[in-house]
Structure formats: C-alpha cells, structure tokens
Amino acid sequence: MACNSVTCQSGCSRDEYSVDEDGQGRRTFPENVRSSQASPRRGNSNDYGLCLKCKVNETISVTHPAVAGGGGDGGRFCADCFRGNLFGKFRFAVTSNAMISPSEKVLVAFSGGSSSRVALQFVHEMQEKAHKNFNASRERERVLPVFGVGVAYIDETTIYPEASNDVEKAINEMKLIVSNFAPPVKPFIVVPTESIYSPDFAAGRDCLTKLGVSVSDITGKEDLLKHLRMLCLQKAAIENGYTKIVLGTCTSRIACHVLEATVKGQGFSLAADIQYVDARWKIPVMLPLRDCLSEELNMLCSLDSLKTVEASQQPRSGINGLISSFVKLLQEDNPSRESTIVRTAGKLTPFSFNETPEVDDLASKWRQKKYNLKPNLSLPPESFCFICNSPLKKPDISSLNGFHHEETSAEIYTAACSSCQYQILPKDASSLKCFLSLLPQSMTTLAKDSSDNHKFLRGQIQDFLLSDGDDGT
C-alpha cells in the first residue's frame, strides 16, 4: 500500500512500517486491521509479539518477560488467553468426568505449592460462580445447590522434626490464603500424619517414628510416606463429611510417576494411578489438573499473583529423585516430553474404579448424556496391595500350589505388590512382625481382607491343584 508521498517509490509501505531513532525499521498496523494483518501464518512463530488466539493483545513474553521465560506458551499467548486455556482444561476435566456434583462436599489437598494453589483457586472460582447463580435466582427450589469446599494440609513434622518451625509458619500463611477467599467460607484442616493411628497423638507419633526407622530403603521410605499421606486425607475427609478429594497432581508429576512405576515393576497397576478419577478409595480422588504442566501452573501463579507457600519439604531421593532429575532434563531438551510420556501411558486400559461413582441426581445424568458416559460393568480386581492399595494380579495356580497359610510371612507378602515387597517389607520374620505391629489399623485390615480372598480362591480350586508328590504326568 503506497503512502501517497511525492517521494514515494514503487512498493512503498511507509504506513505499515515505522523507523525508530536508531534507524531500525519496525512494522506497525492500524488498530482496525491489526488482528487480520499482524497474525502470523499458521505453523510459524509469532513475529509480531501478538497472541496467537485473540490476535490483539501482546504475548506474555512481551508484557511479562520475566514470567514467560522466553518460550513455551508465554511466547504464543497473552495473559488472558493463557489463563482461559488453562482454566478450560480444568473445567473440561471436571465436567466431562463428573468430578463435582452440586450436592457434594469437596476436600482440596493443599501443600502450598503452585499445583495445589491453582487447583484451589479454580475450585473456588467454580464454587463462587455457582454461589452467585444461586443467589441471583428467584426460584431457588429449581436451582442446583452449591457444592461445599474444604482445604486440608498434611503436617509431617513427626517424620521431619527438623522442619517444625518452618511448617508452623507455613500453616499460618496457608490459613491466611484460605481465609481471604470470598464466600462461601472454606474450612481449613491441619491433619497431622500421626492422626491415622488414634486420637492419642503421642502414641501415634511413637509408632510413626518407629515405622519410618524400620524401612531401610530410601525409595521405600518415601513411597510409604506417600501412602500414609493418602490415608490421612481419607481419614480427614470421612470424619468431616467430604465426598470427594481433589489433588493438584499435574502432567509433570504424572510423567515422573509413569517412569517410577515402570522401574519399580508396577506396570500392572500403573493405569490406576494416572486417570482423572480414582475411586478405589472410600472417598474418590480427583485429578482435574492432569492435562496441565507444572511450568504452566507456575506461570499462572506469577501472572495472577497467587501466593504460594514454601513449606519445608525433603528433596526426593533414591529412584524417585533420579527419575525426577531425568524427566527434568528431558523437558529442557524438548518441552513436549512430559506430555508425550503421559499421553503414551494413557493408552493403558483403565480399571473399573477409574470412573466417578454414579450419583442419582439431575446434574450427573446431564453429564452422562452430554459426554456419553457409560457405566463400566466389568468386575474390579480381586484384591489390592495392603500398603499402597495398588491393584494386584490374580494369583495363578502355580503360586498357590504348596502355599501354606499358617506361614504368616507368606500371607503378608502375597497381599503386597512386588514394589512394596522389595522396598518396604522387611525380609526376616521377626522384623516383619514388628513392622506389621507399627502399621495403622486401616492397612492391617486391608492385608487381612486380601489374605482372606486368597484363601477363598485356594479353597475354590483345591481339587485341581497338584500335591507335592505329583509330577504332573
């Protein structure tokens, strides 16, 4: 387009370019044509610093260069579109998997980090919108009720006593974060790890300390603490009347877990841990941030000034630490590696409990119809590991042949997955007996139920088993 100047030359587009004082040419666009002319061709990088979605606002790398880090979504989207995309992933996961129903009470696990902070923020926004719609309606009997939200923090100072001062300060900051949310009010619950034993915290602390010492493997000790943490959340949810637990587990953390489980020999149960819904627990567990990267969540916290809390947490070590470092290197080499790992593992067939339990209300029926959700009528696995609650393979006939149920050690090992057998359970009988005496009652009950299942199965096939004197011919 010519500039109509007397000195205009052929092909001049002076109205589309401006020259800075340093003599560098820079392309500019009128406001009415900026969105159509300034957008880059599909598949190319954004040469003009405009958002690829709205094609109007500048990208995060332009407006917040320190936050964007020079790449990723920060170089493609503006702050509003980036936030909208991230919340869209969260909302789609919640609605398509029927994670939250209007009549439920949801307990959000809050560690103070960016992942759980974003999960708490998004759950709050959904609740706030539902609350406004309820208040604005004149016919409230026709409006769906507003779901309740609570927040829980697991206090692990008994296991890591050296960090007690930092944890106390972190808890006060978390209380302030939760109290600053707009109504409805969200109760904040501090759950000591020793509370899974009994109301007597002193006795619980003693058992928990001895239990940690009895596990010599570093990786096994970390995994055991993770399982105890989930038991604490379950106990808190049950005692306070919550019907769902929401975790801030994101794509980055799931990618690490996929490789960790593969290395530890937990391939059979891997599919159970990486789905949106995990209903094997008494209180179903939801992962609405499953499709969000930790880098995205950190960026959102910086953009929206979402306060996070640096609670003192021990660095990951052993196999878990090595895998975390390895995945971090992969992600630095290619930003799509974590998503690729999770997407590949997502092709595994989920278990029957990886669906939200059916609730007989109008909202649930509407979701099932909209997203074509069909109940899974397949039978659940026969038993679960009494330590980590992972689904176990059905024992084959060869493993049952010659199995003597009076041997308590054999029963216990049969009721555990291979990873817990090698990394958590003691090898000798005396140490194993001491270890079992230190476990919370919920774990020992699960071990007894699993052992009873195996006894029942052996009784069913007893007539078909070979005796020790038979050669099978």
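None of these values were measured; they are calculated from a predicted model. Counting starts from 1 at the beginning of each chain's written sequence and moves along it residue by residue. For a predicted model such as this one, the threshold for reporting local features is a pLDDT of at least 70, and the threshold for listing and counting side-chain atom pairs is 80 or more; totals across whole chains, interfaces and linings nevertheless cover every residue. Water and hydrogen atoms were dropped before computing side-chain values, which therefore reflect all heavy atoms in the structure.

## A short note on the overall build of the protein
Numbering goes from the N terminus for both helices and strands, where a helix is a DSSP run of H or I of at least four residues and a strand is a run of E of at least two. The helix and strand inventory of the protein stands at 19 helices and 8 strands. The classification of residues rests on relative accessible area computed with a 1.4 Å probe and restricted to protein chains. Under 20% of the type maximum is buried, over 50% is exposed, and intermediate values are partly exposed. Buried residues in the protein amount to 44% of all 473 residues. Any two residues whose heavy atoms approach within 4.5 Å are treated as being in contact. The long-range share in the protein, meaning contacts at least 24 apart out of those at least 6 apart in sequence, stands at 70%. For the protein, the exposed area adds up to about 25300 Å²; of that, 53% sits on carbon and sulfur atoms. Where accessible areas are quoted, they stem from the Shrake-Rupley method and a 1.4 Å probe; at the residue level, only the protein chains shown are allowed to cover.

## A look at the pattern of salt bridges
By salt bridge we mean one thing: a side-chain nitrogen of Lys or Arg within 4 Å of a carboxyl oxygen of Asp or Glu. According to the stated counting rule, one finds 15 salt bridges in the structure shown. One salt bridge in this structure joins E125 and R83, with 2.3 Å as the shortest N-O distance. One end of the pair, E125, is in helix α5 (residues 114-136); the other, R83, is in helix α4 (residues 79-96), and 42 residues separate them in sequence. Of the residues examined, R83 reaches a relative accessible area of 22% and is grouped as partly exposed. The partner of E239 in a salt bridge is K235, with the nearest N and O atoms 2.5 Å apart. Taken as a pair, E239 and K235 lie in helix α8 (residues 218-239) at a separation of 4 residues, close to a single helical turn. We classify K235 as partly exposed; its relative accessible area is 28%. A single salt-bridge network, built from bridges that share partners, covers R83, E125 and D304.

## So, the nonpolar core
What is meant by a nonpolar core is a set of buried Ala, Val, Leu, Ile, Met, Phe, Trp, Tyr and Cys residues, joined one to another through side-chain atoms within 4.5 Å. Counting residues in each nonpolar core, the largest one holds 49 residues, and the members touching the most others are F82, F90 and F122. Among the secondary structure elements, those contributing two or more residues to this core are α4, β3 (105-109), α5, β4 (148-155), α6 (164-179) and α11 (294-303). Sort the elements by how many residues they give to this core and α4 lands first, with 7 residues. When sequence neighbours within four positions are dropped, the list of residues in contact with F82 reads I60, D73, F77, E296, M299, L300 and L303.

## What about the packing of aromatic side chains?
The pairing test for Phe, Tyr and Trp rings, Trp by its six-membered ring, is centres within 6.5 Å, and the orientation test on the planes gives stacked under 30 degrees, edge-to-face over 60, and tilted for anything in between. Counted under the stated rule, the structure contains 6 aromatic pairs. An angle of 85° between the planes, with centres 5.0 Å apart, marks the rings of F87 and F122 as edge-to-face. Taken together, the positions of F87 in helix α4 and F122 in helix α5 put the pair 35 residues apart, joining distant regions of the chain. For the pair F353 and F384, a centre-to-centre distance of 5.8 Å together with 55° between the ring planes defines the contact as tilted. Here F353 is found in the loop between α13 (337-345) and α14 (362-370), whereas its partner F384 is found in the loop between α14 and α15 (397-400), with 31 residues between them in sequence. For F384, a relative accessible area of 17% translates into the label buried. Through a chain of ring-to-ring contacts, three or more aromatic side chains come together here, namely F268, F351, F353 and F384. Two limits define a charge over a ring: the Lys NZ or Arg CZ must be within 6 Å of the ring centre, and within 35 degrees of the ring normal. Across from the ring centre of Y242, 4.6 Å away, lies the NZ or CZ of K105, which sits over that ring. Across the ring face of Y276, the terminal group of R290 is positioned such that the distance to the ring centre comes to 4.8 Å.

## Some words on the pairing of strand β5 (residues 188-192)
Pairing between strands is defined by DSSP: at least two bridges between the two strands are required. Taken together, the 5 bridges between β4 and β5 define a ladder with parallel strand orientation. Residue pairing for β5: A152 is matched across the bridge by I189. A crossover links β4 with its parallel partner β5, the connecting element being α6, and its sense is right-handed. Crossovers are described as right-handed under a simple rule: with the strands pointing away from the observer, the path leading from the first strand over the helix to the second runs clockwise.

## Side note on the pairing of β4
Counting buried residues along β4, 7 of its 8 residues qualify, which places the element largely inside the surrounding structure. Where β3 meets β4, 5 bridges bridge the pair, whose relative direction is parallel. In the strand pairing of β4, L107 is matched with G150.

## Considering the confidence of the model for the protein
For every residue, the predictor reports its confidence as pLDDT, a number between 0 and 100. Summing up the model confidence of the protein, the mean pLDDT is 79 and the portion of residues at 70 or higher is 73%. Counting contacts from residues 4-45, a segment whose pLDDT is below 50, to residues more than four positions away or on other chains yields 44 contacts. A low-confidence stretch, residues 375-381 stays under pLDDT 50, and its non-local contacts, those more than four residues away or across chains, total 11 contacts.

## What to know about the environment of P183
Structurally, P183 can be placed in the loop between α6 and β5. The class for P183 is exposed, based on a relative accessible area of 53%. Note: C-alpha distance between P183 and H124 (59 residues apart in sequence) is 9.3 Å.

## Side note on the environment of A163
Structurally, the position occupied by A163 is in the loop between β4 and α6. When the C-alpha atoms of A163 and A311 are compared, they prove to be 8.8 Å apart, with 148 residues separating the residues in sequence.

## Considering the side chain of D155
Assignment of secondary structure puts D155 in strand β4. Buried charge D155 goes without a salt bridge, the closest partner of opposite sign being R205 at 8.2 Å. The term polar contact refers here to a pair of N or O atoms within 3.5 Å; inside protein, the definition further demands a hydrogen-donor-capable atom paired with an acceptor-capable atom, and it admits residues adjacent in sequence only when both atoms are side-chain atoms. A distance of 3.1 Å separates a polar atom in the side chain of D155 from a polar atom in the side chain of T157. Contacts of D155, omitting those with residues within four sequence positions, involve V167, I171, V190, V191, P192 and T193. Note that His is not counted, nor are the chain ends; the positive residues are Lys and Arg, and the negative ones are Asp and Glu.

## Concerning the packing of helix α9 (residues 251-263) against α13
In a pair of packed helices, the angle between the axes and the distance between the axes together describe the arrangement. Interhelical geometry of α9 versus α13 gives an angle of 60° and a closest axis separation of 8 Å. With respect to their mutual orientation, α9 and α13 come out oblique. Like other packed secondary-structure pairs, α9 and α13 cross with a definite hand, here left-handed. Taken together, the residues of α13 that come into contact with α9 (itself represented by T251, S252, I254, A255, V258 and L259) are E338, S339, I341, V342 and A345. Throughout, an axis means a line fitted to C-alpha atoms (over the contacting stretch in the case of helices), and angles, computed between N-to-C directions, take values from 0 to 180 degrees. To sort the angles, those under 35 degrees are grouped as roughly parallel, those over 145 as roughly antiparallel, those from 65 to 115 as roughly perpendicular, and the leftovers as oblique. Crossing handedness: left-handed means the near helix sits turned counterclockwise from the far one by under a right angle, and right-handed means the same turn made clockwise.

## What to know about the packing of α5 against α11
It is at 9 Å that the axes of α5 and α11 come closest, and there the two elements cross at 65°. Seen along the crossing, α5 lies across α11 with a hand that is left-handed. Between α5, through S114, S115, R117, V118 and F122, and α11, the contact on the second element is made entirely by L297, N298, L300 and C301. Classifying every residue of the contact of α5 with α11 gives 5 nonpolar, 3 polar and 1 charged. Think of it as three bins: nonpolar holds Ala, Val, Leu, Ile, Met, Phe, Trp, Tyr, Cys and Pro, charged holds Asp, Glu, Lys and Arg, and polar takes everything else, Gly as well.

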